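So the chains spell out like this:
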Number of protein chains: 2
Amino acid sequence: MTGSEFDADTAIVAAGEGRYTGTITDRWSIGGVPNGGYVMAMALRALLDATGRPDPLGVTGHFVRPAEPGPAELRVELVRAGRSSSTAIVALSQNGSERLRVLGSATELDRLEGSDAEHGPPPPDLPPPEECLHGEGVLPDGSIAEIARRLDLRISPEHVGWARGAPTGRPEIAGWIRLVDGRPADSLLMPVVVDGFPPTVFELGFAGWVPTLELTVHLRRRPAGGWLRCAIRSTHVSRGLVDEDSAVWDSEGRLVAVARQLAMLPR
Amino acid sequence: MTGSEFDADTAIVAAGEGRYTGTITDRWSIGGVPNGGYVMAMALRALLDATGRPDPLGVTGHFVRPAEPGPAELRVELVRAGRSSSTAIVALSQNGSERLRVLGSATELDRLEGSDAEHGPPPPDLPPPEECLHGEGVLPDGSIAEIARRLDLRISPEHVGWARGAPTGRPEIAGWIRLVDGRPADSLLMPVVVDGFPPTVFELGFAGWVPTLELTVHLRRRPAGGWLRCAIRSTHVSRGLVDEDSAVWDSEGRLVAVARQLAMLPR
């Protein structure tokens, strides 16, 4: 144990035969609903334990019902144990009702070969964190989102038109992110990182809840310590659905993760 | 039955208790290996049958071992049956060894509400099909890929630098696609469409096999009949891995599907 709330709040206990138990806390909630990335991180702990691998590689979660603070049961089915990676399914349930199903692979990211920068954009050019907008997590009713007490979010001033009542019309957001308690980021934190920013479609004038149906995260390397930079963009908004594509770079400017979520537009 | 090879070659037979059988043919192969999108389409037939929904919505496949021509067994586990969509798992095995695991949701796309063009790019501007490069499917050994006899692929001349020995340095490809036998495209064909083009990284000078580890397809609507337009781009190439992002538009210019795959770079 590291003393970090993230580690404590995603901890699981093996209960035999691919089963685990955990407790979803209210410390990563927004408006009373636990953040999907946080719930997925708990499921990934079970995936890593059952496969005996240290890092997620390519993981997809379907959020079939909202999770809630309280006990959770996890069940893992191993799909394939390979030489360098393994694939498994995790079902996370509460009170006998399934909340999240994950299909994913796990590996040891430090053993991936190949250049860090074969091709791709550099990290976003951001003002220093102290010149960005502090994501204070104030909800429409004036309360503070619990997750905002744990995730230190600094949003580039370019991308907060909606917060000033003047959406930019560009469904993009970029900023710095780290845990408030100083725990270094690792591969397991990535679902929280990519699900921790406000929805991009706020910049199109949409307001309200943007529920995630599906989140896929592809890991590329373990992050170095310090601030992460995250750039999120929606490209296709149609038929009541929106994609959110994210990329995360570490403090040394190396790509750590690429993610996409499918979410529903507010009605 | 429609008389189309695609329908015949993805057909499944219910075998009770969420089980199905099918036969993977050699008609959708490249160099002897069945196209991943084709194998996934068979798995999606089982997902649709078991959920009683006509269309995939958000589906992810992990290709844990290459499939091969021959009998296949499919097993479906229902995760959640909702009001407007359902979620399920499909395992596709051959000779007792699992080849593909799918986690996905299904719905009736015609009932999705919301504008087609809330925000997003138009379909790619392509020369007419007859002025594009016909994807003849000639492999390095001079043989023809079987799938090329069934998928009519017309690639924009902008994106075939690699075929002329002069890769463009831009990992992008775009073109027209339809089935040779005239069967109209539907939502089930989309994994084949997005997995049917040559790899984008050929334009970075890579050559050889680019195995798909994971493919996620998000459907937005059923396509109108006629040619589909597809644009594919890789953004992040690092650590021996590449993402391939695709979007597919129908003959009326409406967005049909958005997809991403995680693949391995040739060594």
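Scroll up to find the structure this text is about.
This write-up is about the structure you can find in this document. (Residues numbered from 1 in each chain as written. Chains lettered and ligands numbered in written order. Predicted model: local features only at pLDDT ≥ 70, side-chain atom pairs only at ≥ 80, totals over all residues. Heavy atoms only, no water.)

**Digging into the overall build of chain A**
Along chain A, the regular secondary structure elements total three helices and 16 strands. The globule rule puts the C-alpha radius of gyration for 267 residues at 18 Å, and the 18 Å found for chain A is close to it. Taken over the C-alpha atoms alone, chain A extends approximately 55 × 45 × 40 Å along its principal axes. By the burial criterion, 59% of the 267 residues in chain A qualify as buried. Put simply, of all contacts in chain A between residues at least 6 apart along the chain, 67% involve residues at least 24 apart. With an accessible surface of roughly 10300 Å², chain A has 50% of that area assigned to carbon and sulfur atoms. (Helix = DSSP H or I, 4+ residues; strand = E, 2+ residues; numbered from the N terminus. Rg over C-alpha atoms; globule rule 2.2 N^0.38 Å. Buried < 20%, exposed > 50% of the residue type's maximum accessible area, 1.4 Å probe, protein only. Contact = heavy atoms within 4.5 Å. Areas by Shrake-Rupley, 256 points an atom, 1.4 Å probe, with all protein chains shown as cover.)

**A short note on the pairing of strand S7 (residues 85-94) of chain B**
Residues and elements named next belong to chain B. Across the ten residues of S7, nine count as buried, placing the element largely inside the fold. Examined bridge by bridge, strand S6 (residues 70-81) and S7 share eight bridges and lie antiparallel to one another. Within S7, the residue paired with Glu77 across the bridge is Ile89. With antiparallel pairing between neighbouring strands as the criterion, S6 and S7 make up a hairpin whose turn holds three residues. Here S7 pairs with strand S8 (residues 97-107) via ten bridges, running antiparallel. Bridge pairing links Thr87 to Ser105 in S8. Taking the residues between adjacent antiparallel strands as the criterion, S7 and S8 are bridged by two residues, where Asn95 takes a positive phi near 50°. (Pairing = 2+ DSSP bridges.)

**A word on the side chain of Ser246 of chain A**
Residue and element names in this part refer to chain A. Along the chain, Ser246 falls in strand S15 (residues 241-249). Overall, Ser246 belongs to the buried group, its relative accessible area being 6%. Look past the residues within four positions of Ser246 in its chain and what remains in contact with it is Val194, Cys230, Ala231, Ile232, Ala257, Val258 and Ala259.

**A closer look at the interface of chain B and chain A**
Size of an interface, as often reported, equals the accessible area lost when the parts are brought together. Each partner contributes residues to the interface: chain B has 60 residues there, and chain A has 60 residues. Each partner contributes to the roughly 4900 Å² buried at the junction of chain B and chain A, and carbon and sulfur atoms together form 55% of this total. Summed over the three residues of chain B that lose the most area to chain A, namely His119, Arg220 and Arg239 of chain B, the buried surface amounts to 18% of that side. For the interface between chain B and chain A, the tally reads six salt bridges. With its nearest N and O atoms 3.5 Å apart, the salt bridge here joins Glu77 of chain A to Arg75 of chain B. Counting the contacts that link chain B with chain A gives 25 residue pairs in polar contact (both at pLDDT 80 or more). Only strand S5 (55-63), S6, S7, S8, strand S12 (212-219), strand S14 (237-238), strand S15 (241-249) and strand S16 (255-264) of chain B provide two or more residues apiece to the side of chain B that touches chain A. When its residues are assigned to classes, the side of chain B that touches chain A shows 24 nonpolar, 18 polar and 18 charged. (Buried area = accessible area lost by both parts, 1.4 Å probe. Salt bridge = Lys/Arg side-chain N within 4 Å of Asp/Glu carboxyl O. Polar contact = N/O pair within 3.5 Å; in protein donor to acceptor, adjacent residues only side chain to side chain. Nonpolar A, V, L, I, M, F, W, Y, C, P; charged D, E, K, R; others polar.)

**What to know about the pairing of strand S2 (residues 19-24) of chain A**
All names here are of chain A. The alternating pattern of S2 places Tyr20, Gly22 and Ile24 on a buried face, while none of Arg19, Thr21 and Thr23, on the opposite face, is buried. Direction of pairing for strand S1 (residues 12-16) relative to S2: antiparallel, over a ladder of four bridges. In the strand pairing of S2, Ala14 is matched with Tyr20. Two successive antiparallel strands, S1 and S2, enclose a turn made up of two residues, where Glu17 displays a positive phi of approximately 55°. Bridge count between S2 and strand S6 (residues 70-81): six bridges; the pairing is antiparallel. Looking at the pairing, Gly22 lines up with Ala72 of S6.

**Overview of the pattern of salt bridges**
Counted under the stated rule, the structure contains 44 salt bridges over all chains. Residue Asp152 of chain B is joined to Arg178 of chain B by a salt bridge in which the shortest nitrogen-to-oxygen separation is 3.1 Å. Highlighted residues: Asp152 of chain B in strand S10 (residues 151-155) and Arg178 of chain B in strand S11 (residues 172-179), separated in sequence by 26 residues. For Arg178 of chain B, a relative accessible area of 36% corresponds to the partly exposed category. It is possible to trace a salt-bridge network through shared partners that takes in Glu5, Asp9, Arg27, Glu146, Arg149 and Arg150 of chain A.

**Structural notes on the relation of the copies chain B and chain A**
Its rotation angle being 180°, the transformation that places chain B on chain A also includes 0.0 Å of axial translation and leaves an RMSD of 0.0 Å. In symmetry terms, the pair is related by a two-fold rotation axis. Nearest to the rotation axis, the C-alpha of Leu103 of chain B is located 3.2 Å from it, this being the minimum over chain B. Most of the interface of chain B is mirrored in chain A, where 100% of its interface residues again form contacts. (Least-squares fit on C-alpha atoms with pLDDT ≥ 70 in both.)

**Remarks on the packing of aromatic side chains**
All names here are of chain B. Applying the stated criterion across every chain, the model contains eight aromatic pairs over all chains. Judged by centre distance (5.8 Å) and plane angle (75°), the rings of Phe6 and Trp28 are edge-to-face. You can see Phe6 sitting in helix H1 (residues 5-10) and its partner Trp28 sitting in the loop between strand S2 (19-24) and strand S3 (29-30), a full 22 residues away along the chain. For Trp28, a relative accessible area of 1% corresponds to the buried category. (Phe/Tyr/Trp six-rings, centres within 6.5 Å; stacked < 30°, edge-to-face > 60°.)

**Concerning helix H2 (residues 36-51) of chain B**
All names here are of chain B. The end-to-end C-alpha distance of H2 is 22 Å, a good match for the 22 Å that 16 residues give at a rise of 1.5 Å each. When you tally the buried positions in H2, you get 13 out of 16 residues, the bulk of the element. For H2, the side-chain oxygen to backbone nitrogen distance between the N-cap and Gly37 is 2.9 Å, and the N-cap itself is Asn35. Remark: Gly52 follows H2 within two positions and exhibits a positive phi of approximately 70°. (Expected span 1.5 Å × (residues − 1).)

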